[in-house]
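Descriptive analysis of the structure
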Amino acid sequence: MRIDFYGHACVGVQGSKKVLIDPYLSGNPAASLTPEQAEADYLLITHGHGDHLGDAVEIAKRTGAQVVAMVELANWLGKQGVEAMGMNLGGSYTFADGFKVKLVPAWHSSHLPDGTAVGLPVGFIFWLDGLCFYHAGDTALFSDMREVIAPHGLDWAFLPIGDFYTMGPDDALTAAKWLNAKNYLPIHYNTFPLLQQDPQQFKQQLEAACPATCHILQPGEHTEI
Ligand code: NI
Ligand code: MN
């Protein structure tokens, strides 16, 4: 298996299936991939903000990927010609091929670039080839990370550290202590000047505080797992 970081909050997990989350590619100054190059069997969209929904419509139409999103966002995608599976918080679903996904809370907002409200933002827990992954989406720190999310037994957690719109590094460090994942990938930083952070400092603090590995990937880099 491998984990690819494509910039901002866009992460790919490739095993027996290809999972792509939040494909903000065109318009992203840090993107390492074009929408035309993106591959996905499953496309998970955490919320409607442009830096997450991104090129989802185009990629879904071209690849035929199964899209999963909050029900209101899924309904909007349907009007764009993309058949998405609309779920809601706390719900999980296992597909016939064994891929399982669960929607979990994220403390944030969710509207389209034109202001249309598209339900609540979410994070995703998903299971692929026996490993458990958590993509936090855009979120503030919240204590249900410890009570509701950590008990799933996370192998990987993708956490925003950019601050301003989401958790910054200090709150993400607290999140890591609560989530108790084996591996972390910081995301949602350094895309824009407002989100400038030092991921090496975050890695040092996290690995000093938690029995875990923090992987830092530049856009376009991947790690084999
Ligand atoms: Ni957002
Ligand atoms: Mn964002």
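Computed from a predicted model, the values in this text were never measured in an experiment.

Quick look at the overall build of the protein now. A tally of helices and strands in the protein yields six helices and 14 strands. Relative to the globule expectation of 17 Å for 225 residues, the C-alpha radius of gyration of the protein, 16 Å, shows essentially globular dimensions. Counting only C-alpha atoms, the protein reaches 45 × 40 × 30 Å along its principal axes. Counting all 225 residues of the protein, 52% fall into the buried class. Restricting to contacts in the protein with at least 6 residues of sequence separation, those with at least 24 account for 58%. Surface summary for the protein: the accessible area is close to 9,100 Å², and the carbon and sulfur share equals 48%.

Below, the discussion takes up the coordination of the manganese ion (ligand 2). Protein ligation of the manganese ion (ligand 2) involves D51 (OD), H52 (NE2), D138 (OD) and H188 (NE2), the donor distances falling in the range 2.1 to 2.2 Å. Between the manganese ion (ligand 2) and the nickel ion (ligand 1) the interatomic distance amounts to 3.3 Å, and D138 serves as a bridging ligand to the pair. With H52 in helix α1 (residues 50-53) and H188 in the loop between β12 (183-187) and α6 (199-209), the pair connects residues that are 136 residues apart, well separated along the chain. The same class applies to H52 and to H188, which are both buried.

Take the pairing of strand β6 (residues 84-87) next. The sheet contact formed by strand β5 (residues 66-70) and β6 spans four bridges and is parallel. Of the residues in β6, the one forming a bridge with V68 is M85. In terms of handedness, the path from β5 via helix α3 (residues 71-79) over to β6 forms a crossover that is right-handed.

On to the sheet that holds strand β13 (residues 213-214). Spatial strand order, β7-β8-β9-β10-β11-β12-β13: seven strands in an open sheet with mixed pairing. Looking at the sheet topology across the chains shown, the edges are occupied by β7 (92-94) and β13. Bridge analysis of strand β10 (residues 131-135) against strand β11 (residues 156-160) gives three bridges, and the strand direction is parallel. Each residue of the ladder has a partner; that of F133, found in β11, is W156.

Bringing the side chain of D22 into the picture now. Counting through the fold element by element, D22 comes out in the loop between β3 (18-21) and β4 (42-44). R62 provides the closest opposite charge to the buried, unpaired D22, separated from it by 16 Å. One polar contact links D22 to H52, side chain to side chain, over a distance of 2.7 Å.

For the nickel ion (ligand 1), every protein donor is listed as H47 (NE2), H49 (ND1), H108 (NE2) and D138 (OD), and the spread of their distances is 2.2 Å. The coordination sphere of the nickel ion (ligand 1) comprises four donor atoms, whose angles at the metal cover 88 to 175°; the geometry is irregular. One chain supplies every donor for the nickel ion (ligand 1), spaced along it as H-x1-H-x58-H-x29-D. Assessed through its relative accessible area of 1%, H47 is described here as buried. Of the residues examined, H108 reaches a relative accessible area of 24% and is grouped as partly exposed.

What counts and how
Each chain has its residues counted from 1, running along the sequence as written. Going through the entries in the order they are written, you letter the chains from A and number the ligands from 1. Owing to the predicted nature of the model, reporting of local features is limited to residues with pLDDT of at least 70; listing and counting of side-chain atom pairs is limited to 80 or more, with chain, interface and lining totals taken over all residues. Side-chain measures here rest on the full set of heavy atoms in the structure, leaving out hydrogens and waters. Under the scheme used here, helices are H or I runs from DSSP no shorter than 4 residues and strands are E runs no shorter than 2 residues, and both carry numbers assigned from the N terminus. For the radius of gyration, the atoms used are the C-alpha atoms, and the globule rule reads 2.2 Å times the number of residues raised to 0.38. Throughout, exposure labels follow a simple rule: accessible area from a 1.4 Å probe, protein chains only, divided by the maximum for the residue type, with under 20% read as buried, over 50% as exposed, and the rest as partly exposed. We call two residues in contact when some of their heavy atoms are within 4.5 Å. Accessible areas in this description were obtained via Shrake-Rupley with a 1.4 Å probe; residue shielding takes into account the shown protein chains only. Counted as coordinating are nitrogen, oxygen and sulfur atoms within 2.8 Å of the metal, or 3.2 Å for Na, K and Ca, while water is not included, which may make sites look incomplete. Any two strands are treated as partners once DSSP identifies two or more bridges connecting them. The handedness of a crossover follows from its direction of travel: if, with the strands pointing away from the viewer, the path from the first strand over the helix to the second runs clockwise, the crossover is right-handed. Under the counting rule used here, the positive set is Lys and Arg, the negative set is Asp and Glu, and His together with the chain ends is not counted. What counts as a salt bridge is simple: a side-chain nitrogen of Lys or Arg found within 4 Å of a carboxyl oxygen of Asp or Glu. Any pair of nitrogen or oxygen atoms within 3.5 Å is treated as a polar contact; in protein, a donor-acceptor pairing is required on top of that, and neighbouring residues in sequence qualify only through side-chain atoms on both sides. Think of it this way: with four donors and all angles in the 85 to 135 degree range, the site is tetrahedral; with four or six donors, opposite ones beyond 155 degrees and the rest between 65 and 115, it is square planar or octahedral; otherwise it is irregular.

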